[in-house]
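# Remarks on the overall topology
Residues per chain are reported as follows:
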Amino acid sequence: MLGGAGILLTASPALAAEVSYKTECIPPSISGLPPVQGTTKVLVTAPAEAKVGDEVEVVWKTVQAASKNPDVLDLDKDTVKPTGTIRIGGAGSGTLSMEGPRQNPPIKKNSPMVLPDMKGKLKLDKAGEITLTPDKYTINVSKPLSTDTKCSPKETVGAAATIKVTDGGGTTGSGGTTSSGGSTSSGGTTASGGSTTTSGGSTTTSGGSTTTSGGSTSTGGSTTTSGGGTTASGGSSGGGGGPSDFPGKEVAVKLSCVSPGPKAVTSKVSISARKSGGSYELTVKTAKGVMTSPAPLPKGALKPSMAVRIGGADSGKVTVRGPANPAPVAAGEMVSLTDMTGTYKPGASGKATLSPGDLTITVTLGGSDIVIPCKVQGTSPVSLELDTTKQAGGVVGGSGDSGGSGGGDDLAHTGADDTGALRALALVAGTVILLGGAVFTFTPWARLRR
């Protein structure tokens, strides 16, 4: 049945034709993935005939996406939402916006992408044959982070459907106009049509992850003081007047991170101490809030740790650890590493020096720990000097970390060689970490492509 102006035409016989075209899909920039080349197959359905003034429904069915879901993460049910564009040709001109619901079955790693149908409504303003040609499309994946992959044709695409529009008494216009269209299907919720990830490119998550500033905590149970700006040149105060504070000066440290981290960055770090009995509670601080987060970061996703170098009269390393980011970080918010704390038990008497050491960032996403080590390059400047008295079981020649060993050349690399975890990290966020004035952008994909 043909409707008049403003009436959606549904009863007319429908035409459907499948077209295929070479496609390039651009994954989210945060993933570090290269463009994906593939073939898209689309079936477009529209009424065979209609009249000027009718509003008709056009359906885009993705028969084949340009690539599979990569071998990184399984996609949960109802997390994928496509949007796209159909070009209007023939007697008409312009574009028609297409939108699908956020509705899909669970999609396993390394399996074909399954996209819901996209729909749009086209108002017919001119008599003649109107052609419908699939064009660009975008796929949005909402979890664990909202990411878009954008796909576009790399060759001329043939028309997938034609509507014969007859003059039903309506005025002639300049051609088919576009409408935002889009409808929901039962069981799937529609999102605002916008960001989406590619059916052609691998989806990620990605995101970039960043850290929020957090209050320092003490592994030994005592509180720590914030680092100041001067070096404590004197020895620890003797006698019983309670713990004494020793602020450390801020020093610049050159770090080099293993792939997927940056090769060279410089960070400002300070080490402070509070005397507690014969030991010292350490606090290591980095500069706070000097960048914005490029992507959302869940609460508790990132923890820093460092192997503080002990020199002078004493030798060894003390591991300090920071708590996870205490709150979610929205994209665009300022981020920081939390303060790191640990206990130093002197292994020798005399003047001991404390310098920043190797840094390790542990990211926990999707139940997997990803460890990214960053090593100090060259001589690490001394941030703090203490007059120490040897304690039984102290740090000489090893680690003074009461919570775990950091005495070797490296911190523990739990999960660092877990390829699956690294892939998960790349998909989820791409890991962005701030140290002082430096931004670390980690993209594990570079390592995976070797």
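The model shown is predicted, which means the values in this text are computed figures rather than measured ones. (Residues numbered from 1 in each chain as written. Predicted model: local features only at pLDDT ≥ 70, side-chain atom pairs only at ≥ 80, totals over all residues. Heavy atoms only, no water.)

Within the largest apolar cluster, 38 residues are counted, with the highest numbers of intra-cluster contacts made by Ile86, Leu132 and Ile163. Among the elements of the structure, strand E2 (14-26), strand E3 (36-47), strand E5 (55-64), strand E7 (80-90), strand E8 (94-99), strand E10 (118-123), strand E11 (128-141) and strand E13 (161-166) are those that each provide at least two residues to this core. For this core, the element with the highest residue contribution is E11, accounting for 5 residues. Not counting chain neighbours up to four residues away, the residues in contact with Ile86 comprise Val44, Val58, Trp60, Gly94, Thr95, Leu96, Met98, Leu132, Thr133 and Pro134. (Core = buried A, V, L, I, M, F, W, Y, C linked by side-chain atoms within 4.5 Å. Buried < 20%, exposed > 50% of the residue type's maximum accessible area, 1.4 Å probe, protein only. Helix = DSSP H or I, 4+ residues; strand = E, 2+ residues; numbered from the N terminus. Contact = heavy atoms within 4.5 Å.)

Glancing now at the state of the cysteines. On inspection of all chains with the given rule, the structure shows 1 disulfide. Disulfide pairing places Cys25 opposite Cys151 at an S-S distance of 2.1 Å. Linking Cys25 and Cys151, the disulfide has an S-S dihedral of approximately 110 degrees and is accordingly described as right-handed. One end of the pair, Cys25, is in strand E2; the other, Cys151, is in strand E12 (residues 147-153), with 126 residues separating them in the sequence. With respect to class, Cys25 is no different from Cys151; both count as buried. (Disulfide = S-S within 2.5 Å.)

In this section: unusual backbone geometry. The phi dihedral of Asp78 is positive, around 55 degrees, even though this residue is not glycine. Relative to the assigned elements, Asp78 resides in the loop between strand E6 (68-69) and E7. The backbone of Asn110 sits at a positive phi, close to 55 degrees, despite the residue not being glycine. Mapped onto the elements, Asn110 comes out in the loop between E8 and strand E9 (111-112).

Turning our eyes to something else, we now look at the side chain of Ser111. With respect to the secondary-structure elements, Ser111 resides in strand E9. What Ser111 contacts, discounting residues up to four positions off in sequence, is Lys68 and Asn69.

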